[in-house]
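Structure assessment
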Amino acid sequence: MIHRSAHRFVTIAAIVILTSLVHAESSLPAEPGGRALADRFVPFTPDHDRFQSSAVLDLRSLNEAFAGEHGFVQAKDGHLVFSKNQASVRFWAVNGIGVEADKFTRDAAQIAAKTLAKRGVNLVRIHGPLFDDNGNADPVKIQRAIATVEELKMQGIYSYFSIYFPVWITPKPDNAVLKGYDGKTHPFAALMFNPDFQKQYQSWWTALLTTPSDKTGKRLIYDPAVAGVEIQNEDSLFFWTFNDKNIPETQLRLFESQFADFFKNDYTSLNEIRWLAKQRLPRDNPAQNRIAFRPLWNIANERTDRDIDTAIFLLQTQENFYYTQIEFLRKLGFKGLISASNWITADAKILGPLERYSYRPGDCNTPHSDLIDHHGYLSCNHKGDNAAWSIRNGHTYFDRSALRFDPDEPDKPRQYNNPIIDVSYNDSPTMISEIAFDRPNRYRSEAPLFLAAYASLQNTSCIVHFAFDSAQWHVQPNYYMQPWTLMSPASMGQFPAAALLYRKGLIKTGDLIINLNLRGDKLRGLQGGPLAPEANFDELRLKDVPRNLPENIRQLPPNAVIDPLVHFVGRTNINFIYYKGDAPPSTFKDTAPFINRSDQSVTSSTGQLALDYGRGILTINAPAVQGISGNLKAAGSTTLKDVTITSDLDLVHIILVALDDKPLATSSKILLQAMTEEKPTNFRTEPTAQKGEQKILDIGKDPWQIREIQGTVRLNRPDAAALKITPLDPNGNPLTPLPASPEFQLQPTTLYYLITK
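Worth saying up front: this structure is predicted, and the values here are computed from it rather than measured. (Residues numbered from 1 in each chain as written. Predicted model: local features only at pLDDT ≥ 70, side-chain atom pairs only at ≥ 80, totals over all residues. Heavy atoms only, no water.)

Once that is clear, we can look at the pairing of strand β17 (residues 571-577). Every regular strand shows the same layout, with side chains that alternate between the two sheet faces. Most of β17 sits inside the fold, with six of its seven residues counted as buried. One ladder, built from two bridges, connects strand β12 (residues 424-425) with β17; its direction is parallel. For Tyr-425, the partnering residue across the bridge sits in β17 and is Ile-574. Two elements, strand β15 (residues 512-519) and β17, share seven bridges in a ladder whose sense is parallel. Along β17, the bridge assignment pairs Asn-515 with Asn-573. (Buried < 20%, exposed > 50% of the residue type's maximum accessible area, 1.4 Å probe, protein only. Helix = DSSP H or I, 4+ residues; strand = E, 2+ residues; numbered from the N terminus. Pairing = 2+ DSSP bridges.)

Nonpolar side chains tend toward joint burial in soluble globular proteins. Of all hydrophobic cores here, the largest spans 214 residues; its most connected members are Phe-161, Trp-205, Leu-208, Ile-420 and Tyr-454. Contact partners of Tyr-454, with chain neighbours within four places excluded, come to Ile-420, Phe-568, Leu-609, Leu-611 and Leu-618. Core analysis: the next-biggest nonpolar cluster, separate from the first, contains seven residues, Trp-389, Ala-436, Phe-466 and Tyr-480 among them. (Core = buried A, V, L, I, M, F, W, Y, C linked by side-chain atoms within 4.5 Å. Contact = heavy atoms within 4.5 Å.)

Here the focus is the packing of aromatic side chains. Going through the model one piece at a time under the given rule, you end up with 45 aromatic pairs. Between the aromatic rings of Phe-259 and Phe-263, the centroid separation amounts to 5.3 Å while the plane-to-plane angle is 50°, which identifies the pairing as tilted. Each member of the pair, Phe-259 together with Phe-263, is buried. Ring geometry for Tyr-416 against Tyr-613: centres 6.1 Å apart, planes inclined by 90°, an arrangement best described as edge-to-face. With Tyr-416 in the loop between β11 (396-398) and β12 and Tyr-613 in the loop between β21 (609-612) and β22 (617-622), the pair connects residues that are 197 residues apart, well separated along the chain. Across the pair, exposure class does not vary: Tyr-416 and Tyr-613 are buried alike. In textbook terms, an aromatic cluster arises when at least three aromatic residues are bridged by ring pairs, as seen for Phe-193, Phe-242, Phe-255, Phe-259, Phe-262, Phe-263, Tyr-267, Trp-275, Phe-293 and Phe-313. Above the face of the Tyr-443 ring, Arg-442 is positioned so that its terminal group lies 5.0 Å from the ring centre. When the ring centre of Phe-41 is taken as reference, the NZ or CZ atom of Lys-679 above it lies at 4.3 Å. (Phe/Tyr/Trp six-rings, centres within 6.5 Å; stacked < 30°, edge-to-face > 60°. Lys NZ or Arg CZ within 6 Å of the ring centre and 35° of its normal.)

Mapped onto the elements, Asp-309 comes out in helix α7 (residues 305-332). Between the C-alpha atoms of Asp-309 and Arg-524, which are 215 residues apart in sequence, the distance is 8.4 Å. In this view, Asp-309 contacts Phe-259, Phe-262, Phe-263 and Trp-275; residues no more than four positions away in its chain are not counted. Among the polar contacts made by the side chain of Asp-309, one reaches the side chain of Trp-275 at a distance of 2.8 Å. (Polar contact = N/O pair within 3.5 Å; in protein donor to acceptor, adjacent residues only side chain to side chain.)

With that settled, the discussion passes to the pairing of strand β7 (residues 158-162). A large share of β7 lies buried, amounting to five of its five residues. Residues of β7 alternate between two faces, with Tyr-158, Tyr-160 and Ser-162 on one and Ser-159 and Phe-161 on the opposite face, all of them buried. Bridge count between strand β6 (residues 123-127) and β7: five bridges; the pairing is parallel. Bridge pairing in β7 places Leu-123 opposite Tyr-158. Following the chain from β6 across helix α2 (residues 139-153) to the adjacent parallel β7, one finds a crossover that is right-handed. Note that β7 and strand β8 (residues 226-230) share four bridges and pair parallel. Residue pairing in the sheet places Ser-162 in a bridge with Glu-230 of β8. A crossover connection joins β7 to the parallel β8 through helix α3 (residues 195-210); in handedness this β-α-β unit is right-handed. (Right-handed = clockwise from strand over helix to strand, strands pointing away.)

Using the criterion set out here, one finds 36 salt bridges in the structure. Residue Asp-284 is joined to Arg-306 by a salt bridge in which the shortest nitrogen-to-oxygen separation is 2.7 Å. Taken together, the positions of Asp-284 in the loop between α5 (274-278) and α6 (296-302) and Arg-306 in helix α7 put the pair 22 residues apart, joining distant regions of the chain. Both residues of the pair, Asp-284 and Arg-306, count as buried. Measuring nitrogen to oxygen at the nearest pair gives 3.5 Å for the salt bridge that ties Lys-757 to Asp-719. Residue Lys-757 is found in the segment after β35 (752-756), and its partner Asp-719 is found in the loop between β32 (712-715) and β33 (724-728); the two are separated by 38 residues along the sequence. You can call Asp-719 partly exposed: its relative accessible area is 22%. One salt-bridge network, in which partners are shared between bridges, spans Glu-249, Arg-253, Glu-256, Arg-283 and Arg-290. (Salt bridge = Lys/Arg side-chain N within 4 Å of Asp/Glu carboxyl O.)

What follows concerns the sheet that holds strand β2 (residues 73-76). Strand order in the open sheet made by the three strands is β2-β3-β4, with antiparallel pairing throughout. Either end of the sheet is taken by a strand with one partner, and the two such strands are β2 and β4 (88-89).

The next point concerns helix α4 (residues 249-261). Since one α-helical turn is 3.6 residues long, residues separated by three or four positions face the same way. Helix length check: α4, at 13 residues, gives a terminal C-alpha distance of 18 Å against a target of 18 Å (1.5 Å per residue), a fit within 8%. Turning to α4, its buried residues number three or more, namely Gln-251, Leu-252, Phe-255, Glu-256, Phe-259 and Ala-260. For α4, the secondary structure elements touched by its buried residues are α7. (Expected span 1.5 Å × (residues − 1).)

Structure representation (structure tokens):
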């Protein structure tokens, strides 16, 4: 199985810039044909940003003077803090994507860093291999990585390294470390059980962290600008890629022997294992000290004695791997954050808890992961050749709204497994190191505000958007389009307000709604857990949702699942009980005041977020940030505490954020941000025979187009008529002020306004 990440191949030149598009700032013409306003798209072609001092929208000041100014980033009491002053920090981040080494320049990296810092970014996940085709550390890539950190650092942007993903390696037949591969197969799972490969892997970290910089002579291991490192990306012994078809014979025999060794302390002979005779597999060979594995589906669904022992061994192998690598990095001298991995499993309810358990969050007795990480993508049922990593003519897709919990196909039940759902484990900080709403879904513009709002509610410490591939507003890098590009008006165009509300904590963290205690022995016994964010929960499973639970409960009903809408009410936490004995009671708060399924709505425990998922409308109503996102046409005129917003568009996002740390009612400096939806120029589709499905006839080209913005904003404060309203260009530079008025019409192509007193 090749996951979409197989082609999210990212090199360490994390932020190389191509040439920028040229823009003439003017009133742009509407599309021909005399269509109604709501049907008109106009080109989005910003000027090359020269980072002038005249820009009045520049969030660089949110960052430190330089990354690491206040020490290393550490995990403490469920938050990330700086080691010197213990101040808490949240990271609004991007995955950096680069190009070949010979195209990397420091000037390009500097421009990229300035572009990101200006829009509120304070961390880049540098995601790519540092080794050559033979698996040896590559000095050129190492220096490129160091240079990237140095340029980001100067803009107050931290770095987070992800240097290993199995699809980045296809071992050749003569590979001395990974024997048995054919040059076509990726070494899924091998790093977790092959000791020779682990030594080679450790050499990459040693090279990255201890090689002196060509420019400064300094080593990254001593630089607090490196916020953290990730042990491995998207691999697990509990995911579908772990099977005997993916592992060549030489490696499989090694692992089967390790499984046999697992029993040596309990049995004098493998033939004494009772289930071995009852449930024999063709690859079992006790005489050669080998025991085979059943497929993960059987393990999760049948849960025989053999399956339980297998799960325990897989868990122990994965735990020991992470323990060993974290211990290695600490002994090397690394003081930043360490995360284990971020992957899903073959069964979210049964195997999912084992995956997170293997990271050992909050375990003071072993080297453990400082924060818990996961990935999430909102797909649009995109199909066609190479659809896992590209958009091409002839592909098909569905438009899908996250605000409505749309399924990936029409006429199916709502699906609540949104990628923003974030659970903490043992009160450790959390990170979403890859998240995106995939193109070409028209509802992609819902993402920035939706993600910022609910990451704030759930107290997510770091949210990393996939993927930053250029500092210019490019649509089409080649004959195909990339499904996740961030440098688009719907994504990066909405970063300023989203970054502000998230990083400054303008939306309150929610109450702890669920504090679930799970015993390790029950998890190892394949009893699973009732809170499984990655599970494909939909309305067909409502019969399994426990109702009217007591506040304290030791055990949920068998096969119960917890209502996934709790994640849109407040925080959830799972405690793994590592010691033997009874777990303390789990606690559940009553969600009846917040979840109304008859009205198809859910309100946060703070009262600041209201999601009408029946119509697809998110309302944000906090003292310093207020706005509405989604189908404003259905919402009608919406009055919040300090502003009234109206629009006839069925997809628009309008938000006001105070820039001076005051409530909007008294703020002297307010950002108003507006966005609709985007598409490439000449993008054309036609409906297929399947309801709701679109076939792409032309993927389009540069430049981006946005649907003309339409709406009315009225400030509800006594001095509203005296406030100055200044439209800004996409680079934050002021344009001609609007006439003073408490109520004004949004301009068709203006994303930002500065409102001052």
